[in-house]
Amino acid sequence: MQLKNYNVYFFFFVLIAITVVAYFIMQPFLVPFLIAAVLAHLFSPLHGILSKFLKSKGLGSVLVCLLVALIIIVPIFVVLSLVVNEIQDVINRFTTDPEAVKSTINNFSGSLTTLPIFHLFAPEKFINEASIISAVKSLSQNALTILQSAYQGVAHFIFVTFIMFFSLFYLLIDGHRLVKKIMQLSPLADKYENILIAKFNSITRATIKGTILIGIIQGTIGSILFSATGVASPVFFGVIMMISSVIPSIGSGLVWLPVGVVMLLLGHTTEGITILVVGGLVISMIDNLVQPKLVGKDTQMHPLLILFATLGGIALFGFSGFIVGPMLMSLFVALWDIYALEFKGQLDNYNK
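Per chain, residue numbering runs from 1 following the sequence as it is written. A pLDDT threshold of at least 70 governs which residues receive local features in this predicted model, and a stricter bar of 80 or more applies before side-chain atom pairs are shown or counted, although totals over entire chains, interfaces and linings include all residues. For the side-chain quantities, the full set of heavy atoms in the structure was used; hydrogens and water were omitted.

**Describing the overall build of the protein chain**
Within the protein chain, the regular secondary structure consists of 14 helices and zero strands. Beginning at the N terminus, the succession of helices and strands in the protein chain can be written as α-α-α-α-α-α-α-α-α-α-α-α-α-α. For accessible areas, the Shrake-Rupley method is used with a probe of radius 1.4 Å. Any residue's cover is judged against the shown protein chains and nothing else. In the form shown here, the protein chain has an accessible surface area of approximately 21,500 Å², with 72% of it arising from carbon and sulfur atoms. Put simply, DSSP marks the helices as runs of H or I at least four residues long and the strands as runs of E at least two long, and each gets a number from the N terminus on.

**Points about the side chain of Gln218**
Positionally, Gln218 belongs in helix α6 (residues 190-228). Residue burial is assigned from relative accessible area. The probe radius is 1.4 Å, only protein chains are included, and a residue is buried under 20% of its type maximum, exposed over 50%, and partly exposed in between. When its relative accessible area of 1% is taken as the criterion, Gln218 is described as buried. The residues touching Gln218, leaving out its near neighbours within four places in the chain, are Met241, Ser245, Ser252, Ile283, Ile286 and Asp287. Residues are treated as being in contact if the distance between any of their heavy atoms lies within 4.5 Å.

**A look at the packing of aromatic side chains**
In this description, an aromatic ring pair is defined by two values, namely the gap between the centres and the angle between the planes. Between rings of Phe, Tyr and Trp, where Trp is taken as its six-membered ring, a pair exists when centres lie within 6.5 Å; planes separated by under 30 degrees are stacked, by over 60 edge-to-face, and by other angles tilted. One pass over the full model with this rule turns up nine aromatic pairs. Each ring, one from Phe29 and one from Phe159, has its centre 6.0 Å from the other, and the planes form 55 degrees; the classification is tilted. With a gap of 130 residues between them, Phe29 in helix α1 (residues 6-54) and Phe159 in helix α5 (residues 154-185) connect regions that are remote in the sequence. The class for Phe29 is partly exposed, based on a relative accessible area of 25%. Phe159 gets classed as partly exposed once you look at its relative accessible area, which sits at 39%. Put simply, the rings of Phe162, Phe166, Phe169 and Tyr170 touch in pairs and so form one group of aromatic residues.

**Quick look at the environment of Val38**
Assignment of secondary structure puts Val38 in helix α1. If near-sequence neighbours (up to four positions away) are discounted, Val38 is found in contact with Thr204, Ile208, Ile323 and Met327.

**Some details on the nonpolar core**
The criterion is simple. A nonpolar core is a set of buried Ala, Val, Leu, Ile, Met, Phe, Trp, Tyr and Cys residues joined through side-chain atoms within 4.5 Å. Counting 17 residues, the largest nonpolar core has Ile35, Leu39, Val64, Val68, Met164, Phe165 and Leu168 as its most contacted members. Secondary structure elements with two or more residues in this core: α1, α2 (57-96) and α5. Broken down by element, this core gets its largest block of residues, seven residues, from α1. Setting aside residues no more than four positions away along its own chain, Val64 makes contact with Phe43, Leu46, His47, Leu50 and Leu172. Residues Leu225, Val231, Met241 and Ile275 belong to the second largest nonpolar core, which totals ten residues.

**Focus: a nonpolar patch on the surface**
Every patch collects residues that have over 30% relative accessible area and no salt bridge, joining them within 9 Å if they carry like charges and within 5 Å if they are nonpolar side chains (Val, Leu, Ile, Met, Phe, Trp, Tyr). Here a salt bridge means any side-chain nitrogen of Lys or Arg lying within 4 Å of a carboxyl oxygen belonging to Asp or Glu. A cluster of nonpolar residues, Val8, Tyr9, Phe11, Phe12, Leu15, Ile16, Val20, Tyr23 and Phe24, forms a patch on the protein surface that exposes about 930 Å² of accessible area. Relative to the helices and strands, Phe24 is located in helix α1.

**Some details on the packing of helix α8 (residues 253-265) against helix α9 (residues 269-283)**
Viewed as axis vectors pointing N to C, α8 and α9 meet at an angle of 160 degrees, and their least axial separation amounts to 7 Å. Relative to α9, the element α8 lies roughly antiparallel. Handedness of the α8/α9 crossing: left-handed. Touching Trp256, Leu257, Val259, Gly260, Val261, Met263 and Leu264 of α8 are Thr269, Glu271, Gly272, Ile273, Ile275, Leu276, Gly279, Gly280 and Ile283, all from α9. Here an axis means a line fitted to C-alpha atoms, over the contact stretch when the element is a helix, while the angle between two N-to-C directions is reported on a 0 to 180 degree scale. Working rule for angles: under 35 degrees goes down as roughly parallel, over 145 as roughly antiparallel, 65 to 115 as roughly perpendicular, anything else as oblique. Helix crossings are classified by the rotation of the near helix relative to the far one: an anticlockwise turn of less than a right angle makes the crossing left-handed, while a clockwise turn makes it right-handed.

**Some thoughts on the pattern of salt bridges**
Scanning all chains against the criterion turns up one salt bridge. The residue Asp174 makes a salt bridge to Arg177 at a minimum N-O spacing of 3.6 Å. Of this pair, Asp174 and Arg177 both sit in helix α5, separated by three residues, roughly a single helical turn. Residue Asp174 is classed as partly exposed on the basis of its relative accessible area of 28%.

**Structural notes on the environment of Ser245**
Inspection of the secondary structure assignment puts Ser245 in the loop between α7 (234-244) and α8. For Ser245, a relative accessible area of 12% translates into the label buried. Spatially, the C-alpha atom of Ser245 lies 9.4 Å from that of Asp287, the residues being 42 residues apart in sequence. The contact partners of Ser245, leaving out residues within four places of it in the chain, are Thr211, Gly215, Gln218, Gly251 and Ser252.

**Here's the deal with α6**
To estimate the expected span of a helix, count its residues, drop one, and scale the result by 1.5 Å. Taking 1.5 Å per residue as the helical rise, α6 with its 39 residues ought to reach 57 Å, and the 55 Å between its terminal C-alpha atoms agrees with that figure. Once α6 ends, the next one or two residues include Gly230, with phi positive near 80 degrees.

**A look at unusual backbone geometry**
Within the chain, Lys55 stands out as a residue other than glycine whose phi angle is a positive 55 degrees. Here Lys55 shows up in the loop between α1 and α2.

**Topic: α9**
Between its first and last C-alpha atoms α9 spans 20 Å; for 15 residues at 1.5 Å apiece the expected length is 21 Å, and the two agree. Listed in full, the buried residues belonging to α9 are Gly272, Ile275, Gly279 and Ile283. Take α9 and look down its axis: the buried residues cluster within an arc of 75 degrees, on one side only. The exposed residues of α9 that point more than 90 degrees off its buried face are Thr270 and Leu281. Taking the helix axis as origin, the arc is that swept by the directions to the C-beta atoms.

This is the structure in structure tokens:
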């Protein structure tokens, strides 16, 4: 029996086997590398300007990395520290002044009982002072445990951050060469590779600007609003607003609306009305007013895809999935767009 093209089969077998091994070797670094690739794309224009001004790509890359650290890493540490302090303050309040907490809860329960619809659900069976205190304690302790666990992973975070900035430094310098090499090895036609790159870049920019930046803006405004109206743990609620902003239609309203209603029920009428008015007229309108200017002509994914990509990315990759998820989904959308272009004639015939 004679094997034809034996050397070709053997080469591809070895190639696939080595590629699989290389994947497992690179797997711990893939997420920080992907984040670095997104950042390199976003900051490449600035890197080009700095490189020309300083006449050095390496020095320009260093300055961009420092700028990214100031914009991203420092605020993350500051916000996490504030959130941990706020949760710790809530727990200390329970232990040092339980009577004041009980009084607040009693006022809240009394306000609820004045609502006619409240009695339809027989709330006295499951809503009382003891159950509310227990639930709040449990929530605070669990939240603090999660954040403490995050701090315990500081070594891992530092390692991942180092890989991300190390990758960002070289991607800013040689990223275009890497793209050309991938295009050279890809069997796709150059026109489709260019479409894929353009679509991927456009959707990624639009998703980051239209989702992440909007979330940061809404969360920041929410934190300032809660702090000004005397809401406990304003930074914590602001972070929750930022995360919930990815949910289509409702978004950050999942936070500011209940907070405003609770403030009204606690008797803080002016503060509650202020939260509801600012939330309804300012925060909820940011999507319609700010987002189009941020996104511009970039192609944005459907809000439902953004939601699935963000939440699924967080579930799969951790907090970094907030960026990686939408980026991979944008690649998915771009590939299907290429498929629609390549087989347009056949698809038109099949769908007659």
